Amino acid sequence: MIAEKIRKIKAALPEAVTLIAVSKYHPNEDVMEAYAAGQRIFGENIVQEMRQKQQDLPKDIQWHFIGHLQKNKIKYIAPFVAMIHSVDSLELLQEINKHAAKVGRVIPCLLQIHVAKEETKFGFTFEECREMLRGNSWRDLPFVHIEGLMCMASNVTDEEQIAMEFSEVNNFFKEVKAEFFKDDNDFRHRSWGMSHDYSIAIQNGSTMVRLGTCIFGNRPKKKETV
Ligand SMILES: *Cc1c(COP(=O)(O)O)cnc(C)c1O
């Protein structure tokens, strides 16, 4: 079932779009079914869970952290995390840099943009993000590499609203690319689109879709965060 879904989704994705299989709350066996179908990039949003899966499962899996990250937990994922999608402050970036330095890695990061209407979502507003980048101190962090933007659209059924939000972030990506990352070919990732809205995301510049439910089915009840 899972393998079949992975194959189907992959076959339909444009070549330039990377699939992140969001395996949060799903057991190792489910991850291995996706793995058997060739999937190697998985997304998790709880540090402890990602760390456990990384220890248990094949070492060629690339683990992407997509959830809100607390500073005191960075050390648990710094040795292996392939990308952190959810950087929402300069302080967090500095802290990731510190832990990455300790383990001698450069960690690819995306800046999370708050574009949805929900107050509960995390991320920089456009203006906060501009201010942070203009401040230039992110340039002094050799162990993190900012490689793009991430966002979540409002959780609504209005497809025009969703399209408008993705399109705004896509325009913002172009602005930031031109102003701060002109000569940096690594600034190229646009992580938007979840199970219910990824086709809209792809029409609006997405290069990475983060899909959970449409691959693994409904999630078991949320675990406690550790
Ligand atoms: C859970 C989650 C997803 C996947 O959501 P689905 O609706 O199950 O596809 C994508 N992005 C983030 C940040 C998530 O927390």
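See the structure printed just above.
Overview of the structure. (Residues numbered from 1 in each chain as written. Predicted model: local features only at pLDDT ≥ 70, side-chain atom pairs only at ≥ 80, totals over all residues. Heavy atoms only, no water.)

Within the secondary structure layout, Lys 73 lies in the loop between β3 (62–65) and α4 (74–77). Along the backbone, Lys 73 and Phe 126 are 53 residues apart, and their C-alpha atoms lie at a distance of 27 Å. (Helix = DSSP H or I, 4+ residues; strand = E, 2+ residues; numbered from the N terminus.)

So, about the nonpolar core. Counting residues in hydrophobic clusters, the biggest one holds 64 residues, and the most contacted among them are Ile 84, Ile 96 and Leu 133. A per-element tally of this core places helix α7 (residues 159–180) first, with seven residues. Those residues in contact with Leu 133 that sit more than four places away from it in its chain are Leu 111, Trp 138, Ile 146, Val 176, Phe 180 and Phe 181. (Core = buried A, V, L, I, M, F, W, Y, C linked by side-chain atoms within 4.5 Å. Buried < 20%, exposed > 50% of the residue type's maximum accessible area, 1.4 Å probe, protein only. Contact = heavy atoms within 4.5 Å.)

This part takes up α7. In an α-helix there are 3.6 residues to a turn, and that puts residues three or four apart on one side. Relative to the 32 Å expected for 22 residues at 1.5 Å per residue, α7 spans 31 Å between its end C-alpha atoms, a close match to the ideal helical length. Taken together, the buried positions of α7 are Gln 161, Ile 162, Glu 165, Phe 166, Val 169, Asn 170, Phe 172, Phe 173, Val 176 and Phe 180. Those residues of α7 that are buried lie in contact with β5 (107–114), α6 (126–135), β6 (144–152), β7 (189–191) and α8 (198–203). In this structure Asp 158 caps α7, since a side-chain oxygen of it lies 3.0 Å from the backbone nitrogen of Glu 160. (Expected span 1.5 Å × (residues − 1). Polar contact = N/O pair within 3.5 Å; in protein donor to acceptor, adjacent residues only side chain to side chain.)

Counting buried positions along β5 gives seven out of eight residues, so the element sits mostly inside the fold. Bridge analysis of strand β4 (residues 83–87) against β5 gives two bridges, and the strand direction is parallel. Opposite Val 87, over in β5, you have Leu 111 as the bridge partner. In this fold, the crossover linking β4 to β5 by way of helix α5 (residues 90–102) has right-handed handedness. (Pairing = 2+ DSSP bridges. Right-handed = clockwise from strand over helix to strand, strands pointing away.)

Tallying each qualifying case throughout the model produces nine salt bridges. Between Glu 49 and Lys 53 there is a salt bridge, with its nearest N and O atoms 2.8 Å apart. Of this pair, Glu 49 and Lys 53 both sit in helix α3 (residues 47–56), four residues apart, which is roughly one turn of that helix. Comparing Glu 49 with Lys 53 shows no difference in burial state: the two are buried. Put simply, Asp 186 and Arg 188 hold a salt bridge, and the shortest N to O gap is 3.6 Å. Residue classification places Arg 188 among the partly exposed positions, given a relative accessible area of 42%. (Salt bridge = Lys/Arg side-chain N within 4 Å of Asp/Glu carboxyl O.)

If you check the shell around the ligand, you find Val 22, Lys 24, Ile 66, Met 150, Met 152, Met 194, Ser 195, Arg 210, Leu 211, Gly 212, Thr 213 and Arg 219 and nothing else. The contact in question runs from a nitrogen atom of the ligand to an N or O atom on the side chain of Arg 210, over 2.9 Å. Bound to the protein, the ligand loses 92% of the 390 Å² it would expose on its own. Those elements that provide at least two residues to the shell around the ligand are β6 and β8 (208–211). Taken together, the residues that form the shell around the ligand break down as six nonpolar, three polar and three charged. (Near = heavy atom within 4 Å. Areas by Shrake-Rupley, 256 points an atom, 1.4 Å probe, with all protein chains shown as cover. Nonpolar A, V, L, I, M, F, W, Y, C, P; charged D, E, K, R; others polar.)

Right, let's get into the packing of α6 against α7. Pairs of packed helices are described in terms of their axes, by the angle between the two and the distance that separates them. In contact at an axis separation of 12 Å, α6 and α7 are set at 15 degrees when each is read in the N-to-C sense. One way to sum up the angle between α6 and α7 is to call them roughly parallel. In terms of crossing hand, the pair formed by α6 and α7 is right-handed. Touching Phe 126, Cys 129, Arg 130, Leu 133 and Arg 134 of α6 are Glu 168, Val 169, Phe 172, Glu 175, Val 176, Glu 179 and Phe 180, all from α7. Looking at the contact of α6 with α7 residue by residue, the classes come out as seven nonpolar, no polar and five charged. (Axes fitted to C-alpha atoms, helices over the stretch in contact; angles between N-to-C directions. Parallel < 35°, antiparallel > 145°, perpendicular 65-115°, else oblique. Left-handed = near helix turned anticlockwise from the far one by under 90°.)

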